Amino acid sequence: MSKRLPRFSDTWSMERLNGGDWCAEKQLVCYASNKTQGILIRSLKDGTEKKITAGGGGEGYARFSPDGSKVLFCSSLPGKGRQVCVADLATHEVKQVTAINGAAMEPMWSPDGRKILFASSQGSHGKRTVGRPDEAIVIENFNYKFDGAGYITPDGHVQLFVCDLATGETRQVTQGAYNFMHHCWAPDSRHIAFCGNQHRGAEESIGFDLYVMDIQAESIEKAVQVSHDLMIVSYPNPIRPVFTADGKSVIMAALNPDADMNKGYPEAYLFRFAADGTEQEQIFQQDEGCFQCVQFPYNAFAGMGMDKVQLDQETGDVYFVSGWMGQGNLYRLPKGSTHAEPVLTGKHCCHGLSPIHQGKMLVADVTPTTAEAYWLLDIHTGEKLLKAVQGNQTLMEEVALSPVEDFFFDTLDGEGKVHGFVMPPQEMEPGKKYPTILYVHGGPHPFYTYGLTMEFQCFAAAGFGVICCNPRGSSSYGVRHLNMSRAFDGCAYTDCLQFVEEAVRRFDWIDGSRMGVTGGSYGGYMTNYMATHCTRFKAYITQRSVCSNLIDYASSDMQGRSMDYHSFEEFMVHELEQSPVAYAERVNAPLLILHGEDDLRCPVEGAHQLFIAVKDTHPDLPVKLMIFPHTAHDQPSEPRLLKRYYQEMVDWFKEWL
């Protein structure tokens, strides 16, 4: 039976796995899927599967109890909000255990199985003010809004709560106009570790410290700050701390304290923190095979609701995921060593880890032509013992996927190498050349991985080649490559153009005279930059892009900074010079602008300005602006809107390439 070509509807109908835990004693796996209401319990012995549900929506974040007799999970219950529920595996009885006034998030069993620790926002955080507000919005400091959430009210911060399962009492253990998150239990079921920003200025939007606290303490003021002069990894790819078996130390990732913050997001290292706050020790050193302890995959779509760092309580070895040369790898940091050992490597992306039991863990893994799967892994040998769960099983069986090739090339300035990926169009005819799309990733620090990107597959099915690369500014290729200044000083631009020429030279099916370019966020910025600085491409589609730095300075949720300039006037002039819209008169090929109406990361005013500027300076040039409602800094989530979004892209490239 022949397979069908991918359809864009496959992108929004893709199954997304959530969570992933396993019970070694009973050989069971629990997880959730957006395709099936409820929590799925699968036997690794015979593959049979049962479903547990509390009757709510969006159920997920399942975790086995320490004795394996129960499963906790979150469920959005009608009229009750998102609550924590517990299911008894023997009786199948499901019980709601919290009645919180807000969404319960990331619940975790205490080691003794008697309590549940979770996070929740109690205020109106998450309510976006549209049109004329009912109340005045008072703004007195930075960091007062966030994309996808809207304006942050004084009572809208994330707090931690503990629920006692015996009494049903739920108690808030943190307080104040701060955020506390990424929590974990100590082995004694009495102390917790978590990240918080109570000692950070509001301008440090991603600044967090690590704390340890006795849950019986009366106030957050009793918490011990155990990290000092370090910024704990919290955004954009958070890591959860883990206690050592004796409870005396906490393992957590922190940003390189010696890094130049002006060069972008620093690399992250693992540290060991004394639980009493008396000492901290960096336990990771970068080397040729692993340069940091975090990864920023742009297209992995794996490991949602799973952690990125785990500790083998028997040996004291630390396991973590990190990007390297486009791969999402699993590493082991042996106890007493500072250099990581590869455990799971190759042309794949591993991006989620379950807790370790009996020398095994679940890992979420994806490849260029295989959707996310959960594998049971022997952590000592790196052997994949069993595929426990395969997401999108039916889709993978019925859809023909275009193969992906990759190559490295030397940069023109000799500073290093750039890695690129090439996907040919489906059903190619020998000797025929095809229009090809350069797709630039966002960030700029994320990187394209060896992961399945269904959007690319759909463009290939529509008759286009798709090429993408990780220019300088991208992570996973070392500290020098990561330098964010290279993403904006022309180096990344040159890398992308050189990659296009290399791809045309290496693949005879690419029609070098019919090249288009697109990308979102930073990728949109680069699309705009190319449209105003070169004549290599015949058509452009810029998505949720940076158009005007002056608009972003005040209207973005990532506020600008003028303190590094001699005067505010100098700052304004420089930002104008760096803005693509300032060069709108240089645009020389058809331009489609796609933007979300509710985008707070790259405010929609920039898209309006770019459209007017190009239209004003090029009355006869095809240019179109499309604003999508109910859409923040991303492609539309509503299928009807996303269908229109993709159709406009295909139609634009078909018309002009």
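Each chain carries its own residue numbering, running from 1 in the direction its sequence is written. Selection of residues for local features in this predicted model requires a pLDDT of at least 70, selection of side-chain atom pairs for listing and counting requires 80 or more, and totals for whole chains, interfaces and linings are taken over all residues. To get the side-chain values, all heavy atoms of the structure are used, and hydrogens and water are removed first.

**Describing the overall build of the protein chain**
Phase 1: When you go through the protein chain residue by residue, the secondary structure sums to 11 helices and 38 strands.
Phase 2: Along the longest, intermediate and shortest principal axes, the C-alpha atoms of the protein chain span 70 × 65 × 50 Å.
Phase 3: The cut-offs for exposure are 20% and 50% of the maximum accessible area for each residue type, with area from a 1.4 Å probe on protein chains only; residues under the lower value are buried, those over the upper are exposed, and the others partly exposed. The 657 residues of the protein chain split such that 57% are buried.
Phase 4: Considering only contacts within the protein chain whose residues lie at least 6 apart along the sequence, 58% involve residues at least 24 apart.
Phase 5: The protein chains shown are the only cover counted for residues, whose accessible areas, like all others here, come from Shrake-Rupley with a 1.4 Å probe. Of the roughly 27,200 Å² of accessible surface on the protein chain, 49% is carried by carbon and sulfur atoms.
Phase 6: Charge counting follows a simple rule: Lys and Arg are positive, Asp and Glu are negative, and His as well as the terminal groups are ignored. We put the charge of a Lys on NZ, of an Arg on CZ, of an Asp on CG and of a Glu on CD. Here the protein chain contributes 57 positive and 80 negative side-chain charges, whose respective centroids are spaced 6 Å apart. Labels follow the DSSP assignment, with helices taken as runs of H or I lasting at least four residues and strands as runs of E lasting at least two, numbered in each case from the N terminus. Contacts are assigned to residue pairs with any non-hydrogen atoms lying within 4.5 Å of each other.

**Observations regarding the pattern of salt bridges**
Phase 1: Here a salt bridge means any side-chain nitrogen of Lys or Arg lying within 4 Å of a carboxyl oxygen belonging to Asp or Glu. Under the criterion given, the structure shown has 26 salt bridges.
Phase 2: Of the charged contacts in the structure, one is a salt bridge between E49 and R42, with a shortest N-O distance of 2.8 Å.
Phase 3: Here E638 ties to R640 by a salt bridge, and the two come within 3.1 Å at their closest N and O atoms.
Phase 4: The class for E638 is partly exposed, based on a relative accessible area of 30%.

**Digging into the sheet that holds strand β36 (residues 539–545)**
Within a beta sheet, neighbouring strands are joined by backbone hydrogen bonds and run either parallel or antiparallel to one another.
Phase 1: Pairing within the open sheet is mixed, and its eight strands lie in the order β31-β32-β34-β33-β35-β36-β37-β38. Single-partner strands in this sheet number two, and they are β31 (405–410) and β38 (623–628). Here the strands of the sheet are splayed against their neighbours by 20 degrees on average, with no regard to which way each runs.
Phase 2: What makes two strands pair is DSSP finding at least two bridges between them. One ladder, built from six bridges, connects β31 with strand β32 (residues 417–423); its direction is antiparallel. Paired with D410 across the two strands is K417, which belongs to β32.
Phase 3: Each of β33 (434–440), β35 (510–521) and β36 touches helix α7 (residues 522–533); the most contacted strand, β35, lies at about 135 degrees to it. Note on geometry: axes are C-alpha line fits, over the in-contact stretch for helices, and angles between N-to-C directions span 0 to 180 degrees.

**So, the sheet that holds strand β1 (residues 17–23)**
Phase 1: Across the sheet, which stays open at both edges, the four strands sit in the order β1-β2-β3-β4 with antiparallel pairing between neighbours. Two strands close off the open sheet at either side, each with one partner strand: β1 and β4 (49–52). Between one strand and the next, the sheet's axes are offset by a mean angle of 25 degrees, whatever the strand orientation.
Phase 2: Alignment of β1 against strand β2 (residues 28–33), held across five bridges, turns out to be antiparallel. Looking across to β2, one finds that W22 is bridged to V29.

**A few points about the nonpolar core**
One recurring pattern in soluble globular proteins: nonpolar side chains tend to sit buried together.
Phase 1: Among buried residues, those of type Ala, Val, Leu, Ile, Met, Phe, Trp, Tyr and Cys that are joined through side-chain atoms within 4.5 Å constitute a nonpolar core. By size, the foremost hydrophobic cluster in this structure holds 62 residues, and its most contacted members are I192, F194, L270, F284 and F320.
Phase 2: Counting residues per element, this core draws most heavily on strand β20 (residues 249–255), which supplies six residues.
Phase 3: Among all residues touching L270, those that are not within four sequence positions of it are I251, M252, A253, E281, Q282, I283, F284, C293, V309, V318, F320 and L333.
Phase 4: Core analysis: the second largest hydrophobic core is formed by 54 residues, L17, L362, V366 and I437 among them.

**Brief notes about the packing of helix α6 (residues 491–506) against α7**
Phase 1: It is the contact of α6 with α7, at a shortest axis distance of 11 Å, that shows an interaxial angle of 80 degrees. Here α6 is positioned roughly perpendicular relative to α7, judged by the angle of their axes. Together, A492, Y493 and C496 of α6 and Y522, M526, Y529, M530 and H533 of α7 make up the contact between the two elements. Roughly parallel covers angles under 35 degrees, roughly antiparallel covers those over 145, roughly perpendicular covers 65 to 115, and oblique covers all other angles.

**Some words on the environment of A217**
Phase 1: Summarising the element assignment, A217 is placed in the loop between β17 (209–214) and β18 (224–225).
Phase 2: By relative accessible area, A217 is classed as buried at 15%.
Phase 3: Taking the C-alpha atoms as reference, A217 lies 27 Å from E204; in sequence the two are 13 residues apart.
Phase 4: Excluding its chain neighbours within four sequence positions, the residues that come into contact with A217 are R171 and K222.

**A short note on the packing of aromatic side chains**
Phase 1: Stacked, tilted and edge-to-face pairs are distinguished by plane angle, under 30 degrees for stacked and over 60 for edge-to-face with tilted covering the rest, among Phe, Tyr and Trp rings (Trp via its six-membered ring) whose centres lie within 6.5 Å. Under the defined criterion, the tally for this structure stands at 38 aromatic pairs.
Phase 2: Ring geometry for Y31 against Y374: centres 6.2 Å apart, planes inclined by 80 degrees, an arrangement best described as edge-to-face. One end of the pair, Y31, is in strand β2; the other, Y374, is in strand β29 (residues 370–378), with 343 residues separating them in the sequence. Here Y31 matches Y374 in class, with each residue buried.
Phase 3: A centroid spacing of 5.0 Å and a plane angle of 70 degrees characterise the contact between Y493 and Y529, whose relative ring orientation is edge-to-face. With Y493 in helix α6 and Y529 in helix α7, the pair connects residues that are 36 residues apart, well separated along the chain. Y529 matches Y493 in its accessibility class, with the two residues each being buried.
Phase 4: Among the aromatic side chains, those forming a connected cluster through ring pairs are F8, F459, F464, F628, Y645, Y646 and F653.
Phase 5: Put simply, a charge is over a ring when the Lys NZ or the Arg CZ is close to the ring centre, within 6 Å, and near the line of the ring normal, within 35 degrees. Its end group placed over the ring of F301, R16 keeps NZ or CZ at 4.8 Å from the ring centre.

**Section: the side chain of S402**
Phase 1: Within the element layout of this structure, S402 appears in the loop between α2 (393–398) and β31.
Phase 2: Side-chain atoms alone can form a polar contact between residues adjacent in sequence; in general such a contact is a pair of N or O atoms within 3.5 Å, and within protein one must be able to donate a hydrogen while the other accepts it. A distance of 2.6 Å separates a polar side-chain atom of S402 from the backbone oxygen of P424.

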